[in-house]
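Descriptive analysis of the structure
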Amino acid sequence: MAPIYANLLFSSLFPSRCISCDAICGDLIFCDFCNSTIRVSAHAAAGGVSSGFHYAAAIRNAMLRIKFTPCEQSGRSLLRYWQQHHSENFTAALHPQGISAVCFVPLHWRRRLTRGFDLSSLFARALGRALQLPVLDVLQCTRFDPPLSLALSKQDRLLRTQNRYRLTDSSFSPAEVLLVDDICTTGATLDSAAIPLLEHGIRVRKYALAQALIKEKSHDTI
Ligand SMILES: [Zn+2]
């Protein structure tokens, strides 16, 4: 059977489902309705954090399903969607001159074991490929805290994330790194993970796959 007919047969037998609402959507990652609700972030965001998407609507639904189902395949589909929308103009928009490596905010090993994957780590590798930079797995989450509610204030989140991260390898010394996380709400987690890098004399640029608008109160936990 010719490959094109094999692909058509496979997609008719196993059609893709929208990673937000689970509707059948052919070869697409989001169905047309969910896709229409997605907002791409401005690259120069408030609070020193740039991001790919607004954490709202279909992106929020998809990320909650990916994290709490959990589903690595949907996580990889979401990263493919990011690549389709961002990687072409990403290099020019982020002005990555000077950045020599990508780091990521890691999950605690117990949470990673439960989920089976770490979306921030996968995202860092997608960014590393887009920027042609190495990915450094040098941060460790030292506490297994309960998920943070998005309803917490930045002050509360800073207290909850204080001293949560440490450097596992101090033998490297890039001048500046891109520190990435999957979701940014108040920025407290990214700030906390940046501290050991800053204390090591490394400049830090922050980037999140999706960023919440702070004025939108939510009771999500992430
Ligand atoms: Zn959908």
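Residues numbered from 1 in each chain as written. Predicted model: local features only at pLDDT ≥ 70, side-chain atom pairs only at ≥ 80, totals over all residues. Heavy atoms only, no water.

**Quick look at the pairing of strand E6 (residues 176–184)**
Most of E6 sits out of view: 9 of its 9 residues are buried. In this sheet, E6 lies alongside strand E2 (residues 101–104) in parallel orientation, the contact comprising 4 bridges. What sits directly across from cysteine 103, in E6, is leucine 179. Relative to strand E7 (residues 203–211), E6 is paired through 8 bridges, and the arrangement is parallel. Each residue of the ladder has a partner; that of leucine 179, found in E7, is lysine 206. On the question of chirality, the crossover connecting E6 to the parallel E7 by way of helix H8 (residues 188–199) is right-handed. (Buried < 20%, exposed > 50% of the residue type's maximum accessible area, 1.4 Å probe, protein only. Helix = DSSP H or I, 4+ residues; strand = E, 2+ residues; numbered from the N terminus. Pairing = 2+ DSSP bridges. Right-handed = clockwise from strand over helix to strand, strands pointing away.)

**Remarks on the side chain of serine 41**
Along the chain, serine 41 turns up in the loop between helix H2 (32–36) and strand E1 (49–54). Within polar-contact distance, the side chain of serine 41 engages the backbone nitrogen of histidine 54 at 3.3 Å. (Polar contact = N/O pair within 3.5 Å; in protein donor to acceptor, adjacent residues only side chain to side chain.)

**Notes on the coordination of the zinc ion**
Around the zinc ion, the protein supplies Cys18 (SG), Cys21 (SG), Cys31 (SG) and Cys34 (SG) as donor atoms, at distances of 2.3 Å. Taken together, the 4 donor atoms coordinating the zinc ion and their angles of 101 to 118° define a geometry best described as tetrahedral. Spacing between the donor residues of the zinc ion along the chain follows C-x2-C-x9-C-x2-C. In this pair, cysteine 18 sits in the loop between helix H1 (3–13) and H2 while cysteine 31 sits in the loop between H1 and H2, placing the two residues 13 residues apart along the sequence. (Donors = N, O, S within 2.8 Å, 3.2 Å for Na, K, Ca; no water. Tetrahedral: all angles 85-135°; square planar, octahedral: opposite > 155°, others 65-115°.)

**Observations concerning the pairing of E2**
A regular strand places its side chains so that they alternate between the two faces of the sheet. Neither face of E2 is left uncovered, since the one carrying Ala101 and Cys103 and the one carrying Val102 and Phe104 both have all their residues buried. When E2 meets strand E3 (residues 135–136), the two strands line up parallel, connected through 2 bridges. Bridge pairing in E3 links cysteine 103 to leucine 136.

**Observations concerning the pattern of salt bridges**
Across all of its chains, the model carries 6 salt bridges by this definition. Glutamate 176 serves as the salt-bridge partner of arginine 203, at 3.7 Å between the closest nitrogen and oxygen. Of the two residues, arginine 203 sits in strand E7 while glutamate 176 sits in strand E6, which places them 27 residues apart along the sequence. Overall, glutamate 176 belongs to the buried group, its relative accessible area being 10%. Linked by salt bridges that have partners in common, Glu176, Arg203 and Arg205 make up one network. (Salt bridge = Lys/Arg side-chain N within 4 Å of Asp/Glu carboxyl O.)

**Some points on the sheet that holds E1**
Reading across from one edge, E1-E7-E6-E2-E3 is the order of the 5 strands in this open sheet, with parallel pairing throughout. Looking at which strands have only one partner, the edges of the open sheet turn out to be E1 and E3. Helix H3 (residues 57–68) rests against E1, E6 and E7 of the sheet, and its axis sits at about 95° to E6. (Contact = heavy atoms within 4.5 Å. Axes fitted to C-alpha atoms, helices over the stretch in contact; angles between N-to-C directions.)

**A few points about the environment of proline 106**
In this fold, proline 106 is placed in the loop between E2 and helix H5 (109–115). Along the sequence, proline 106 and aspartate 137 sit 31 residues apart, while their C-alpha atoms lie 8.4 Å from each other. Contacts of proline 106, omitting those with residues within four sequence positions, involve Asp118, Leu139, Gln140, Cys141 and Tyr165.

**Some words on unusual backbone geometry**
Going from threonine 69 to proline 70, the amide bond is cis rather than trans, its omega being -25°. Within the secondary structure layout, proline 70 lies in the loop between H3 and helix H4 (72–94). Despite not being glycine, glutamine 132 has its phi angle at roughly 55°, a positive value. Tracing the backbone through its elements, the reader meets glutamine 132 in the loop between helix H6 (119–131) and E3. On the accessibility criterion, glutamine 132 (74% relative accessible area) is exposed.

**Observations concerning the nonpolar core**
Residues Phe30, Ile59, Met63, Leu78, Phe123, Val180 and Leu209 are the most contacted members of the largest nonpolar core, which totals 38 residues. Contributing elements (two or more residues each) for this core: H3, H4, E2, H6, E6 and E7. A domain-level breakdown of this core finds at least three residues from each of domain 1 (1–36) and domain 2 (38–211). The contact partners of leucine 78, leaving out residues within four places of it in the chain, are Ile19, Phe30, Ile59, Met63, Ile66 and Leu209. Formed by 20 residues, the second largest nonpolar core is a distinct cluster that contains Val49, Leu139, Leu179 and Ala194. (Core = buried A, V, L, I, M, F, W, Y, C linked by side-chain atoms within 4.5 Å. Domains from an automatic or database assignment.)

Structural measurements only, silent on function.
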